[in-house]
Amino acid sequence: MIINSQEFKVNELHYTIRSANIKDAQALSDVRLQLDGETENFDREPGEGYIDTQGFEKIIQEDTENPRNLCLVAVVDNRIVGFSRCAGSSLKRFAHKVDFGVGVLMEFWRFGIGKNLLKTSIEWADTNDIKKMALTVVETNDKAILLYKKLGFEIEGILKNDKLLSDGNYYHTIVMGRIKA
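A short tour of the structure in this document, coming up. (Residues numbered from 1 in each chain as written. Predicted model: local features only at pLDDT ≥ 70, side-chain atom pairs only at ≥ 80, totals over all residues. Heavy atoms only, no water.)

1. Looking at the overall build of the protein chain
- Across its full length, the protein chain carries four helices and eight strands.
- Reading the helices (α) and strands (β) of the protein chain from amino to carboxyl end gives β-β-α-α-β-β-β-α-β-α-β-β.
- For 181 residues, the compact-globule estimate of 2.2 N^0.38 gives 16 Å, and the C-alpha radius of gyration of the protein chain, at 16 Å, lies within 12% of that figure.
- Taken over the C-alpha atoms alone, the protein chain extends approximately 40 × 35 × 35 Å along its principal axes.
- Counting the 181 residues in the protein chain, one finds 41% classified as buried.
- Considering only intrachain contacts with a sequence separation of at least 6, the fraction spanning at least 24 residues in the protein chain is 60%.
- When the accessible area of the protein chain is evaluated, it comes to approximately 10,200 Å², of which 50% is carbon and sulfur surface.
- Across the protein chain, the centroid of the 24 positively charged side chains sits 7 Å from that of the 27 negatively charged ones. (Helix = DSSP H or I, 4+ residues; strand = E, 2+ residues; numbered from the N terminus. Rg over C-alpha atoms; globule rule 2.2 N^0.38 Å. Buried < 20%, exposed > 50% of the residue type's maximum accessible area, 1.4 Å probe, protein only. Contact = heavy atoms within 4.5 Å. Areas by Shrake-Rupley, 256 points an atom, 1.4 Å probe, with all protein chains shown as cover. Lys, Arg positive; Asp, Glu negative; His and termini not counted. Charge placed at Lys NZ, Arg CZ, Asp CG, Glu CD.)

2. Section: the sheet that holds strand E1 (residues 6–10)
- Spatially, E1-E2-E3-E4-E5-E6-E8-E7 is the arrangement adopted by the eight strands of the open sheet, whose pairing is mixed. At either margin of the open sheet sits one strand with a lone partner, and together these are E1 and strand E7 (154–164). Within this sheet the neighbouring strands show an average axis-to-axis angle of 25°, counted without direction.
- Across seven bridges, the pairing between strand E4 (residues 79–88) and strand E5 (residues 97–104) is antiparallel. Note that in E5 the partner of Ser 84 across the bridge is Val 102.
- Of the strands in this sheet, strand E3 (70–76), E4 and E5 touch helix H1 (residues 25–38), which is tilted by about 90° from E4.
- The sheet strands contacting helix H4 (residues 142–150) are E5, strand E6 (132–138), E7 and strand E8 (170–179), and the helix crosses E6 at an angle near 160°. (Pairing = 2+ DSSP bridges. Axes fitted to C-alpha atoms, helices over the stretch in contact; angles between N-to-C directions.)

This is how it looks when you write it as structure tokens:
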């Protein structure tokens, strides 16, 4: 699905949040690869589960055509610095919900980009009769967990010792959901 672009200014940084388009595919591939190397908050190490330009072209096309999907990008000076995705299911028993994921390059943390990607996604979901948004987050990502709670997500469960990080320790994955009131 496609949404209208929105402009933001936070701490003197101007950025736009808009729907991804096919021309963004290469940049999204590059940003995703960079994100995997900047933090252990994602499920992948750099290079794992790599999605190339053609892979992102397919994702963007599907998300544009599917009314239960949304792919957003955050753009600063014509550079994609973050993205989010809501992915729905074609199965009737799950048609009421979407899974949400977000990533912002570390250089652009503390400008509200992740928060505004999430808020934009929530507005889209509420407007499009999506009853539930679901996500997972590693237990060490305290700032994200606080943000999710602030925006109406609740902890629904914990997957114990679910993720092995570079320190050699296992960490829990927290399952969170937001149900439209």
